[in-house]
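# Structural features, examined
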Amino acid sequence: MGKISYVMFSMVALAVLTFASCRAGQTGGELGQLLDRNSITMRFFVNETARPLDGELFINSQYLGNTTNGTIRVSKKLMVPGTLTLSGVDAIPPKAECAIGRIPICAGGDYKFYFEFSTSDIRFDTIGFQVPVADYDNAVFDASKLDARQVEREIFSLANEERAKQGIGPLRLNEKIAGVARAYSEVLPVEGFHHTDTQGNDVKKRLSGQGVIFIAANENLFLSSSMQDEAGLARLAIDGWLESPGHRATLLDRDNIYSDSGVGVHCEKKECYAVMNFANMLQEQKVFLSRRWITFHYLNNPGYGFAQESIPVKFELSSSAPVNVYVVSSYDSYRKFTDSNGEELPGMITAFKGVSSISRVFNAESGSGVVIEAATSDASVEFSLDFS
């Protein structure tokens, strides 16, 4: 911080002395009066707002005292050339300053500012030290004071807004996935900004490790070290992903691979980490069946390698005409059913005959599935498997 000091020689004569800038990004100096006194009054304040800066003052690590309303008076015997350090103890500004709409300085923390004090400065009776408002805002900004849950909600909402702009359906918010994303956002500052943690777990392993059932999964990560409020941080994350081809493809998902998502945000010091996990937890099918035709679909496909042998799955069906639906233990049951022309159905668990709609949750063992039969007439059938 540089200082501009005015030196008074007499009541009628005024001369100006300009001291060179001493520290990058800092400006300073107010009015210094050359008087034969034994102490120096120093004032510390934010330049553009005149906000006083209170805290502990040191010269070359020697404690000088605390400023009050930004002011301190120090004996000249204690002053030597070197670096003045002001460590703030209460950097949170009043609400009136928060309302000015700059950056979120209301989420403030402690600050530390440095000023050069030269031999010639000891001559003055009063010296002012100014801090540019931009430097002040940056110093007091404490990302940990942001509402991380609000940022998560904002990111998820903006993601679906961007999908809607492209004619893509919305993602479903999944709290289990959000929990996994949130836990990993807390790990990133410690283990590093990577998709794989130090145990070698990627997003798929982290999800399955928490009992999340999915067919496909992906992950977007974001790190911000800029001063933003909750809405600004969310917008920054979304824009960052949209500008990156790989992240954009996952976020917009034009192939409708992912059905569910969850966001986790962790902020500390001056950094915020955002994790958005995506998962395919919903299968939707449409099929036309001519009379007496049948089709088979897994409820728990062994090829997906689900960690659990038995999983809950919600099965919903809607048909243009009545159909028979058989829940069977394996694909072999379906094959034997076709070989016997529909006369035998070994391994049948339950049956729904002559129905046009079904909405049931099954505890599906690995390999189990449903056989759908258009028994009496042609039928257009829509059905879904929901693992959420």
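With that settled, consider the layout of surface pockets. Approximately 220 Å³ is the volume found for the largest pocket. Around the largest pocket, the lining residues are Arg163, Gly169, Pro170, Arg172, Asn256, Ile257, Tyr258, Ser259, Asn280, Leu282 and Glu284. Class assignment of the residues belonging to the lining of the largest pocket gives a composition of four nonpolar, four polar and three charged.

A word on the packing of aromatic side chains. Overall, the coordinates contain 18 aromatic pairs when judged by the stated rule. Between Phe222 and Trp241 the ring centres are 6.4 Å apart and the planes differ by 80°, which places this aromatic pair in the edge-to-face class. Linking Phe222 in strand S11 (residues 216–224) with Trp241 in helix H6 (residues 230–243), this pair joins segments that are 19 residues apart in sequence. Just as Phe222 is buried, Trp241 falls in that class too. One aromatic cluster is present, built from ring pairs that chain together Phe296, Tyr298, Tyr331 and Tyr334. Positioned above the aromatic ring of Tyr184, the side-chain terminus of Arg206 is 3.5 Å from the ring centre.

Chain-level statistics for the protein chain give a pLDDT mean of 85 and a share of 84% at 70 or above. Predicted confidence is poor over residues 1–36, with pLDDT under 50, and the contacts of this stretch with residues over four places away or in other chains come to 91 contacts. Overall, residues 99–105 carries pLDDT values under 50, and its contacts beyond four positions in sequence, including any with other chains, amount to 13 contacts.

How each quantity is defined
Residues numbered from 1 in each chain as written. Predicted model: local features only at pLDDT ≥ 70, side-chain atom pairs only at ≥ 80, totals over all residues. Heavy atoms only, no water. 1 Å grid on protein atoms, 1.4 Å probe; cavity = no way out; pocket = protein on both sides within 12 Å on 5 of 7 lines; lining within 4 Å. Points joined across faces, edges and corners; volume = space filled by probe spheres on them. Nonpolar A, V, L, I, M, F, W, Y, C, P; charged D, E, K, R; others polar. Phe/Tyr/Trp six-rings, centres within 6.5 Å; stacked < 30°, edge-to-face > 60°. Helix = DSSP H or I, 4+ residues; strand = E, 2+ residues; numbered from the N terminus. Buried < 20%, exposed > 50% of the residue type's maximum accessible area, 1.4 Å probe, protein only. Lys NZ or Arg CZ within 6 Å of the ring centre and 35° of its normal. pLDDT = per-residue confidence, 0-100. Contact = heavy atoms within 4.5 Å.

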